[in-house]
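Now for the letters of each chain:
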Amino acid sequence: MGTNSQFDSPQDHNVSHSDSSRCIGDTGDPPSKVEFTNRVLREVIEASARSTGEDLFRSLVKHLARSLGFRHAMIGRLVGEGDRRIRTLAIWGDGKPVENLEYDLRGTPCEQVSRGETCYHLRDVQRKFPEDELLVQMEAECYIGVALRDTMSRALGVLAVLDDRPAQNAPEIRAALTVFAERAATELERMAADEATLASERKYRALVETSPYGIIRIDSAGGFLSVNSAGMTIFGRTDEHPVIGTRFLETVAEEDRRKVGEELRSASQGAAREFEYLAINGKALQASLVPLGDSEAHVETIIGIVMDVSERRKVEAEREALIAELEAKNAELQQFTDSVSHDLKGPLVTISGFLGHLAKDVSEGDQERIRDDIRWISDATQRMKQMLDELLELSRAGSVISSREPVDLGPLVHDLANMVKSGDDSESLEVVVADDLPVVLGDRGRLRQVVQNLLLNAVKFRRVNLPCRVEVGARSNSGGWEVWVRDNGVGIAPEHHERVFRLFEKLDSDRSGTGMGLAIVKRILETHGGRVWVESEGRDQGSTFWFTWPSANQEKGAGS
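Every value quoted in this text rests on a predicted model; they were computed, and no experiment measured them.

A. Seen up close, the overall build of the protein chain. Along the protein chain, the regular secondary structure elements total 13 helices and 19 strands. Every one of the 560 residues in the protein chain was classed for burial, and the buried ones make up 42%. Long-range contacts, defined as pairs at least 24 residues apart, comprise 60% of the intrachain contacts of the protein chain with a sequence gap of at least 6. Looking at the protein chain as shown, the accessible area adds up to about 30,400 Å², and 49% of this sits on carbon and sulfur atoms.

Structure representation (structure tokens):
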């Protein structure tokens, strides 16, 4: 039974054994089995009264030793790998409790008991187990032990009595040990279940507290009963502003409270629910609720997992926006391909046709018609060259901006206004530039191209027999500046406001040009993170072209 020096000889403890030659259980006139059983049961009842756990085990060994007249009684629990050791739960020795100990089972009578055997060694136990030093210290002559078993008949531990005298009446002693063992095993199994429950609860709490997701428990009315640390963070609460004592709906944004309220009602009626909603702190959350109820399916509490899906929603929104942008770009590319194919065919058809005329006229020697043919061919090639040049310019307009710098819009617009007026044959052109044009941030060359194209467009679409007036101004907005170029020209019908920015779109086929000037403006502005639009009430009502541009003190934006 191991070693422990606390077991001293009996004479040191004033334990009287009036006749050491007699055997344990030899009491002269032995009681009847009924009397013996009743006495043992009374001892067990007395030992068990108002006691649990370690107190019960100490009481059991005390009453066991007293009822059977043994010097020592012990209750031990199997521990260690393979249940190869005993850790005592209570020891009674020489009329008093003894400190608990742990020992190796090998070479001890308890080893036989641990294998499920009832071990009777009524005399000479030391000789039979010479390696068990504890038997020597206890001066043991006899040892009787029984196994403690759970309800599945698995060995839990050992209950044993020892004495320095031989024993007899083994059946009565065994019966007593069996009764005490039943009570000890029941308590040991209960303790093991409690320990398993506590371990499970500790594991559960650890998992809950370390979970990256919010784990909540609410009552059937939606009141918070518990929330882990992640949940507190998700709901934006602190120890100073706890969530316990509030209701789930109080964490929900106003616009989603009705929907979430319906989900909570369904959960309180026994249905598992999963839904997304907007929290009052602006986060997008996903909640999974599982109702827990009694045997009659009455929901008592609801367990929930809450996840912050704000970042996921942001990524999904960005993905959807990217998909939409790609679809728009693909549509634009298809339109571009169709337009280029169609419009480039025009000059080629002209060239091809007049080359045939030219060959015929050369053969006939018609010099006048030859000159006309050459002129038509030259005009077509020039028109094609212009289209190709503007297509190249359009592709460059969508490229990465080469540089950003503060640009004073006032001098730039005045310079462009003078250029436009000098290139116009009419003396009735007036360009009015506001005095308070701002300093903006961007690529000077691209900005100049935007304003120039808008000014030329305004002059190009002037009204006949009416002095042309163009005004340029600006106003601030939250993202920088809105610049306008307003004219009193032919105007644009509302249904064509988007169309004018498409490639090769010419509302008036009699006007010169390729129809790419406004498309280039749109591409440049989109590269800078801006936009362009037109306002016009219709025919002969003039037009105002607006575009946005970042201010000089704004952080770098799109296209940088």
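Once you've had a look at it, read on.
B. Just the pairing of strand β10 (residues 273–278), in detail. Of the pairings in the sheet, the one linking β10 to strand β11 (residues 284–293) comprises 6 bridges and is antiparallel in character. Within the sheet, the bridge partner assigned to L278 lies in β11 and is A284.

C. Representation of the side chain of T548 in the model. Position of T548 among the secondary structure elements: in strand β19 (residues 543–549). A polar contact of 3.0 Å, which involves the side chain of T548, links it to the backbone nitrogen of R531. Setting aside residues up to four positions removed in sequence, T548 forms contacts with N477, W481, E482, L525, G530, R531 and W533.

D. Structural context of the sheet that holds β19. Read across the sheet, 5 strands follow the order β14-β16-β17-β19-β18 without closing on themselves; strand pairing throughout is mixed. Two strands bound the open sheet, and with one partner strand each, they are β14 (429–433) and β18 (532–535). Along the sheet, successive strands turn relative to each other by an average axial angle of 20 degrees, direction set aside. Where strand β16 (residues 468–477) lies against strand β17 (residues 480–487), 8 bridges are found, and the strand directions are antiparallel. Residue V472 lies in a different strand from β17, and its bridge partner there is V485. Of the strands in this sheet, β14, β16, β17 and β19 touch helix α12 (residues 444–460), which is tilted by about 175 degrees from β19.

E. The sheet that holds strand β12 (residues 299–308), seen in detail. Ordered by their spatial adjacency, 5 strands build an open sheet running β9-β8-β12-β11-β10, and the pairing between neighbours is antiparallel. In this open sheet, the two strands that pair with only one neighbour each are β9 (224–227) and β10. Between one strand axis and the next, the sheet turns through 25 degrees on average, direction left out of account. Pairing analysis gives 6 bridges linking strand β8 (residues 214–219) to β12, with the strands arranged antiparallel. Bridging across to β12, I215 finds its partner in I305. Each of β8, β10, β11 and β12 touches helix α8 (residues 257–268); the most contacted strand, β10, lies at about 160 degrees to it.

F. Here's a closer look at helix α2 (residues 53–68). Over its 16 residues, α2 extends 23 Å from the first C-alpha to the last, a length consistent with the 22 Å expected when each residue adds 1.5 Å. Listed as buried for α2 are G53, L56, F57, S59, L60, V61, H63, L64, A65, S67 and L68. Where α2 terminates, the next one or two residues include G69, which has phi positive at roughly 80 degrees.

G. Up close: the environment of G304. By the secondary structure assignment, G304 is in strand β12. A residue is classified by how much of its surface remains accessible, and G304, at 1% relative accessible area, is buried. Between the alpha carbons of G304 and A272 there is a distance of 9.7 Å; along the sequence they are 32 residues apart. Apart from the residues within four sequence positions on either side, G304 is in contact with G214, I215, I216, S288 and L289.

H. Representation of the confidence of the model for the protein chain within the structure. Of the residues in the protein chain, 81% reach a pLDDT of 70 or more, and the chain-wide mean stands at 81. Low pLDDT (under 50) marks residues 8–21, which in the prediction has 20 contacts with non-local residues, meaning those over four places away or in another chain.

I. Fine view of unusual backbone geometry. Although it is not a glycine, D124 sits at a positive phi angle of roughly 55 degrees. By the secondary structure assignment, D124 is in the loop between β5 (119–121) and α4 (125–128).

J. Geometry of the pattern of salt bridges. Inspection of every chain in the model, using the stated rule, returns 36 salt bridges. We note a salt bridge from D372 to R375, for which the minimum N-O separation is 3.9 Å. One end of the pair is D372 and the other is R375, both in helix α10 (residues 367–397) and 3 residues apart, which spans about a single turn. Residue D372 is classed as partly exposed on the basis of its relative accessible area of 32%. With its nearest N and O atoms 2.7 Å apart, the salt bridge here joins E526 to K522. Taken as a pair, E526 and K522 lie in helix α13 (residues 517–527) at a separation of 4 residues, close to a single helical turn. By relative accessible area, E526 is classed as partly exposed at 34%. We classify K522 as partly exposed; its relative accessible area is 29%.

K. Structural detail: the packing of aromatic side chains. Across all of its chains, the model carries 9 aromatic pairs by this definition. Between F235 and F248, the ring centres sit 6.5 Å apart and the planes meet at 85 degrees, which makes this aromatic pair edge-to-face. Note that F235 is positioned in helix α7 (residues 229–235) and F248 in the loop between α7 and α8, a separation of 13 residues in sequence. One exposure class covers both F235 and F248, and it is buried.

L. Local environment of the packing of helix α11 (residues 409–422) against α12. The geometry of α11 relative to α12 is characterised by a closest axis approach of 10 Å and an angle of 45 degrees between their N-to-C directions. By the angle class used here, α11 and α12 are oblique. Between α11 and α12 lies a crossing whose hand is right-handed. Across the interface between the two elements, L409, L412, V413, D415, L416, A417, M419 and V420 of α11 pack against R444, L447, R448, V451, Q452, L455, L456 and V459 of α12.

M. The arrangement of the nonpolar core in detail. Counting 38 residues, the largest nonpolar core has V413, L447, V451, L454, L455, V470 and F547 as the members making the most contacts within it. For this core, the secondary-structure elements that each account for two or more residues are α11, β14, α12, β16, β17, α13, β18 and β19. Per element, the largest residue contribution to this core is 7 residues, and it comes from α12. The contacts of V413, once residues within four sequence positions are left out, are V433, L437, V451 and V472. Residues I144, V146, V161 and A184 belong to the second largest nonpolar core, which totals 30 residues.

N. Quick look at α11. Taking 1.5 Å of rise per residue, 14 residues should cover 20 Å, and α11 covers 20 Å from first to last C-alpha, within 8% of that figure. Taken together, the buried positions of α11 are occupied by L409, G410, L412, V413, L416, A417 and V420. Buried residues of α11 fall within an arc of 165 degrees about the axis and therefore sit on the same side. Turned more than 90 degrees away from the buried face of α11 sit P411 and S422, all of them exposed. Packed against the buried residues of α11 are β13 (405–408), β14, α12, β16 and β17. Capping the start of α11, D408 holds a side-chain oxygen 3.2 Å from the backbone nitrogen of G410, two or three residues further along.

Rules used in this analysis
Counting starts from 1 at the beginning of each chain's written sequence and moves along it residue by residue. A pLDDT threshold of at least 70 governs which residues receive local features in this predicted model, and a stricter bar of 80 or more applies before side-chain atom pairs are shown or counted, although totals over entire chains, interfaces and linings include all residues. Excluded from the side-chain calculations are hydrogens and water; all other atoms, namely the structure's heavy atoms, are used. Helix and strand labels come from DSSP, where a helix needs a run of H or I of at least four residues and a strand needs a run of E of at least two; each type is numbered from the N terminus. A 1.4 Å probe rolled over the protein chains alone gives each residue an accessible area, and that area as a share of the maximum for its type sets the label: buried under 20%, exposed over 50%, partly exposed in between. It only takes one pair of heavy atoms within 4.5 Å for two residues to be counted as in contact. Residue burial considers only the protein chains on display, and all accessible areas are found by Shrake-Rupley using a 1.4 Å probe. Strands pair, by our definition, only if DSSP identifies at least two bridges between them. Polar contacts, as used here, are pairs of N or O atoms within 3.5 Å; protein pairs need one atom able to donate a hydrogen and one able to accept it. Residues neighboring in sequence count only if both atoms are side-chain atoms. Each axis is a line fitted through C-alpha atoms, taken for helices only over the stretch in contact, and angles between the N-to-C directions span 0 to 180 degrees. What a helix is expected to span follows from its residue count: subtract one and scale by 1.5 Å. Per residue, pLDDT captures the predictor's confidence, and it can take any value from 0 to 100. One speaks of a salt bridge when a side-chain nitrogen belonging to Lys or Arg is within 4 Å of a carboxyl oxygen belonging to Asp or Glu. Pairing of aromatic rings covers Phe, Tyr and Trp, the last counted by its six-membered ring, and requires centre-to-centre distances within 6.5 Å; plane angles under 30 degrees mean stacked, over 60 mean edge-to-face, and any other angle means tilted. When describing relative orientation, an angle under 35 degrees is termed roughly parallel and one over 145 degrees roughly antiparallel, while 65 to 115 degrees is termed roughly perpendicular and anything else oblique. Handedness of a crossing is defined here by the sense of rotation of the near helix relative to the far one, left-handed for an anticlockwise turn of less than a right angle and right-handed for a clockwise turn. Residue types Ala, Val, Leu, Ile, Met, Phe, Trp, Tyr and Cys, when buried and joined through side-chain atoms within 4.5 Å, form a set referred to as a nonpolar core. The directions considered for the arc run from the helix axis to the C-beta atoms.

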